[in-house]
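# Summary of the model geometry
Read off the chains here:
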Amino acid sequence: MRFKWSRLLATTTSAFALSLVAEFICIPIQADQALDKHEKPLKIGTVDDFLPCSDYINQTHEGMAIDIWRRIGERLKLKYEISSIPSFDEAVSLAAIGKFDVIASCHEVTPERLELIQYAVPYTSGGIVIVSKQNQRPVVDLIVKIFRNKIVVRCSLLLLLVTAITAYTSKYFRSAKATRKSKARRFTRAWTFLILNDGIDTVIGPKILDNIAVLISSLSHMLLMSAIIGTTVTIVFKENITKATKELGNKELESMLREGIAVVGESSTATWLNNRIAIAGIPSEPGLEPITVKTKTEMLDLLRVRSADHPHHFVANITTYSTKLKEASLEKEFAISYQSPRKTPQSFIFGSKLDDDLKRLINIEIAKMNRNCLLYTSDAADDTPCVDLGGRR
């Protein structure tokens, strides 16, 4: 019997079509089955007072985390109730015992938190920054810093010594047959020529030793001035460059603590600062402890205080620090002095009692927004152009 290729092709096409139909029908059915398990409204928690992430303003929750969750809720047709939680660490604890189904905030993914809870797919990133009060006398303090530098001081003293010896032994000074006052003038003039490396022909004598002495002085002048200028330029440029947090020395951290460092308690930034202090071996004593506040509002009130004992530095997340400064009208008074070079993922937190199928659906929606570039990115995130939910880059 002759094999009918047309029948095989028709059968294969029909099977492929049926598989596509089954896929598009079964996936929504599975999603609906997962959502049907949650007829009661989901309990959504958020840490308020932390714009641009989340806040409670004018009787409503706002922020990028809230915008993202509302988009997810709209797509999955979820019923939910949003409640405020005072701190990030408390939100983690409440999610761990199942008091909330989802925590919609900018929670950094840390090893300590992963031991307690499960994160959703990350939707943004952040990092630690130390923000410091800008110098009110930048020029004067820069000059002081330059002259306190050991390289600048030692090279300057050595330059003065070498040129002074050369001027004292020069023909221009030794051939003077005049009073002591006249000799002093000649010595000062020769010394000035050698320091400026100009008019050297005036002090050169006819002897070979005179020429050798001036040559050594000129070479020394070139090397020492190069070291002085190079060091000075480095100091000037470093004044305006944000350093990595790994470059923060123990002595500098101790100095910052004495000047006052504020941090919001029960947060990943507070954990980082306390760990850094412990690693540095700085003793826990009055004057060497960070100033811990409960909310961002308390932080702003503390920074606004115009007194000698208010903090000169504060530790924050790069996602939220600029908002703090804008709300306090302190953008011109504070700037980043140290920044973590690595970005830390930020994500929602799943409650311990949330259904696994619903977790999967939520992660799918976040992944879709990630792929379609519809999520917020922090100011320090990559340069990929994205369309934000709230129009923010």
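Keep in mind that what you see is a predicted model, and the values were worked out from it rather than measured. (Residues numbered from 1 in each chain as written. Predicted model: local features only at pLDDT ≥ 70, side-chain atom pairs only at ≥ 80, totals over all residues. Heavy atoms only, no water.)

### Side note on the pairing of strand β5 (residues 102-108)
Put simply, the test is: A simple rule labels every residue: compare its accessible area, found with a 1.4 Å probe on the protein chains alone, to the largest value its type can have, and call it buried under 20%, exposed over 50%, or partly exposed in between. Each helix is a run of DSSP H or I of at least 4 residues and each strand a run of E of at least 2, with the numbering of both proceeding from the N terminus. Strands qualify as paired when DSSP identifies two bridges or more between them.
Extensive coverage of β5 is indicated by the burial of 7 of its 7 residues. In this sheet, β5 lies alongside strand β1 (residues 42-47) in parallel orientation, the contact comprising 2 bridges. Counted as the bridge partner of G45 is I103 from β5. As judged from the 4 bridges shared by β5 and strand β14 (residues 344-350), these two strands associate in the antiparallel manner. Along β14, the bridge assignment pairs V102 with F350.

### A closer look at the state of the cysteines
Condition: By convention in this document, the label disulfide applies to cysteine sulfur atom pairs within 2.5 Å.
Scanning all chains against the criterion turns up 1 disulfide. Between C53 and C106 runs a disulfide, and the two sulfur atoms are separated by 2.0 Å. Linking C53 and C106, the disulfide has an S-S dihedral of approximately -105 degrees and is accordingly described as left-handed. Placement of C53 in the loop between β1 and β2 (55-57) and of C106 in strand β5 is noted, with a sequence separation of 53 residues between them. Both residues of the pair, C53 and C106, belong to the buried class.

### A closer look at the nonpolar core
For the record, the criterion: Take the buried Ala, Val, Leu, Ile, Met, Phe, Trp, Tyr and Cys residues and link them wherever side-chain atoms come within 4.5 Å; each set so joined is a nonpolar core. We call two residues in contact whenever any of their non-hydrogen atoms come within 4.5 Å of each other.
The biggest cluster of nonpolar side chains holds 30 residues, and the ones touching the most others in it are V131, F314 and Y321. For this core, the secondary-structure elements that each account for two or more residues are α3 (88-96), β8 (128-133), β10 (261-264), α12 (296-304), β12 (313-317), α13 (321-327) and β13 (334-339). Per-element accounting of this core gives the leading share, 5 residues, to α3. With sequence-adjacent residues up to four places away left out, Y321 is seen in contact with V129, V131, F314, A316 and I336. Of all hydrophobic cores here, the second largest spans 23 residues; its members include C53, W69, I72 and V102.

### What to know about the confidence of the model for the protein
Stated formally: pLDDT: the predictor's confidence for each residue, scored from 0 to 100.
On average, residues of the protein score 80 in pLDDT, and 78% of them reach the 70 mark or higher. Summarising per-element confidence for the protein, the mean pLDDT is lowest in helix α1 (residues 5-36) (50) and highest in strand β6 (residues 118-119) (96). Confidence drops under a pLDDT of 50 for residues 20-31, and excluding neighbours within four residues, the segment shows 2 contacts in the predicted structure. A low-confidence stretch, residues 376-393 (pLDDT under 50), is modelled with 44 contacts involving residues beyond four sequence positions or located in other chains.

### Things to note about the packing of aromatic side chains
Defined as follows: Note on ring pairs: Phe, Tyr and Trp rings are taken, using the six-membered ring of Trp, and paired if centres are within 6.5 Å. Classes follow the plane angle, with under 30 degrees stacked, over 60 edge-to-face and the rest tilted. By definition here, charges over rings are those cases where NZ of Lys or CZ of Arg is within 6 Å of the ring centre and within 35 degrees of the ring normal.
The full count for this structure, using the stated rule, is 6 aromatic pairs. Their ring planes at 75 degrees and their centres at 5.8 Å tell us that W69 and Y80 sit as a pair that is edge-to-face. Placement of W69 in helix α2 (residues 64-76) and of Y80 in strand β4 (residues 80-85) is noted, with a sequence separation of 11 residues between them. Aromatic pair Y123 and F348: ring centres 5.0 Å apart, planes at 55 degrees, arrangement tilted. Of this pair, Y123 sits in the loop between β6 and β7 (124-126) while F348 is found in strand β14, placing the two residues 225 residues apart along the sequence. With relative accessibility at 3%, the residue Y123 sits in the buried group. Overall, the relative accessible area of 1% leaves F348 in the buried class. K43 extends its terminal NZ or CZ atom over the ring of F100, reaching a point 5.4 Å from the ring centre.

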